[in-house]
Amino acid sequence: MKLLIKSGRVINPSTGLDEIKDILLIDGLVAKIEDEILDEADKIIDAMDFWVTPGLIDLHVHLREPGFEHKETIETGSRSAAKGGFTTICCMPNTNPAIDCKDVVDFVKSRAREKAIVNVLPIGSITKGLKGEELANIDEMVKIGICAISDDGRTVQNSDSMRQGMKIAKDLNIPVFSHCEDETLLCGGVMNSGAVSKELGMDGILSEVENVIIARDIVLTKGTGAKLHICHISTSLGVDLLRFGKSIGANVTGEVCPHHFTLTDKDVSSLDTNMKMNPPLRGQDDVEAIKMGLKDGTIDVIATDHAPHHKDEKSLSFSNAPFGIVGLETAIPLGITELVKEGWLTPMELIEKFTINPAKILDIDKGDIGVGKIADITIINPSVEYKIDVKGFASKSKNSPFHNRLVNGRVEYTIVNGEVVYDRIKDNK
Ligand SMILES: NC(=O)N[C@@H](CC(=O)O)C(=O)O
Ligand SMILES: [Zn+2]
Ligand SMILES: [Zn+2]
């Protein structure tokens, strides 16, 4: 099978390439990257005026299977990923049963093999059942292929348990993805603590809830040497702590989510439950700090924290509805609109945070378009303007705060192993 991509602007952060090129894919691999390729091909994609980037990698996705198939399945989540331009997604273990042992890892992997149209890398839990008590059998899960460990959705509250988990991760050479939330400070909050929560009479979530654990885990990784990745940073001090951690040589990286650089707690005033997620939308200062952190390289990765919930669950009151929003299909338009168009990041810097940086954290040979490499490629129209419409989402869930938002940038094609798994025009007929 030969696929020829013509005249696209190839943006490949790992080599710094940013030029108009043709790319020939043969049998799932990149065969040529040249100014002009005249070879015959089974299919030709005209990528004129489009960006051609390494396939996007999302370190933080909730696929909900097993256990919560009414929200999402591995199949529908993978279709949502493909539509969002993602060729590799890491799925969090807060399923039912949790991904905390060999059998559940096996189940997710075999489901992904049968049903997923993108690469799915399971994340194993740190503790059994994400209970924060007994450690999971991390060793046996690593042997059959988890890419990281995390208790996402929860924090391992006991510092010694977290430290033991980190030591094992260090020995097994896998990263620890940390959801940062000190439960003793939480007090049942449902949105950011501040002027808006006061006005609305809602219980607030202090920034300290997050910052205390970010600081703790940086301290723990400094001691253990484990590869620590801080999930969904939402606070200004969180960005500073990450910057400090890096400055003292701690083995730490961090991610932010598009909603945390796009919205603030003012957007919660409508009490739309699609504005409810964890960590919560914060203040304008936090948003600015996140953008600065993205610009100066403190923040390595943009991840979606795609967290689908059924419409009946999101129809509850703001206080009772579950935390979380879908994100796979809005990440690229929000990145382009909020960061590139607003002058915060160059296209290269944006794409780096979706490709080579997450690949480095996972230590996988992806996120880089090079001759001989696996042909995972995303093709993006960066300038088209349109309104996001959740009705068109491939995800089973539609819980997005971005319905009707005017954005620029749209994924045109997603290619996995040299095969087109998403073609905007064909798949939206
Ligand atoms: N982010 C969320 O608001 N929710 C996530 C859990 C998590 O990522 O912490 C979920 O699983 O629904
Ligand atoms: Zn989380
Ligand atoms: Zn999450």
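Rules used throughout
- Residues numbered from 1 in each chain as written.
- Chains lettered and ligands numbered in written order.
- Predicted model: local features only at pLDDT ≥ 70, side-chain atom pairs only at ≥ 80, totals over all residues.
- Heavy atoms only, no water.
- Near = heavy atom within 4 Å.
- Polar contact = N/O pair within 3.5 Å; in protein donor to acceptor, adjacent residues only side chain to side chain.
- Areas by Shrake-Rupley, 256 points an atom, 1.4 Å probe, with all protein chains shown as cover.
- 1 Å grid on protein atoms, 1.4 Å probe; cavity = no way out; pocket = protein on both sides within 12 Å on 5 of 7 lines; lining within 4 Å.
- Sits in = over half its atoms within 2 Å of the grid points.
- Nonpolar A, V, L, I, M, F, W, Y, C, P; charged D, E, K, R; others polar.
- Donors = N, O, S within 2.8 Å, 3.2 Å for Na, K, Ca; no water.
- Helix = DSSP H or I, 4+ residues; strand = E, 2+ residues; numbered from the N terminus.
- Buried < 20%, exposed > 50% of the residue type's maximum accessible area, 1.4 Å probe, protein only.

**Points about the site of ligand 1**
Phase 1: In the vicinity of ligand 1 there are 15 residues, among which Arg64, Asn94, Asp152, Asn278 and Asp305 approach most closely.
Phase 2: The side chain of His62 places a nitrogen or oxygen atom 3.3 Å from an oxygen atom of ligand 1.
Phase 3: Contacts to ligand 1 include Asn278, whose backbone N or O atom sits 2.8 Å from an oxygen atom.
Phase 4: Computed on the free molecule, ligand 1 has an accessible area of 320 Å², of which 93% lies beneath the protein chains in the complex.
Phase 5: In this structure the site holding ligand 1 corresponds to the largest pocket.
Phase 6: Taken together, the residues of the shell around ligand 1 break down into three nonpolar, nine polar and three charged.

**Some words on the coordination of the zinc ion (ligand 3)**
Phase 1: Looking at the zinc ion (ligand 3), one finds its protein donor set to be His60 (NE2), His62 (NE2), Asp152 (OD) and Asp305 (OD), positioned 2.0 to 2.3 Å from the metal centre.
Phase 2: A separation of 3.6 Å is found between the zinc ion (ligand 3) and the zinc ion (ligand 2), which are bridged by Asp152. In this pair, His62 sits in the loop between strand S6 (56-61) and helix H1 (74-83) while Asp152 sits in the loop between strand S9 (148-149) and helix H4 (159-172), placing the two residues 90 residues apart along the sequence.
Phase 3: Overall, Asp152 belongs to the buried group, its relative accessible area being 2%.

**Remarks on the coordination of the zinc ion (ligand 2)**
Each pair of donors in an ideal four-coordinate tetrahedral metal site encloses 109.5 degrees, whereas pairs in an ideal six-coordinate octahedral site enclose 90 or 180 degrees.
Phase 1: The coordination sphere of the zinc ion (ligand 2) contains the protein donors Asp152 (OD), His179 (ND1) and His232 (NE2), at a distance range of 1.9 to 2.1 Å.
Phase 2: Sequence positions of the donors to the zinc ion (ligand 2) reduce to the motif D-x26-H-x52-H.

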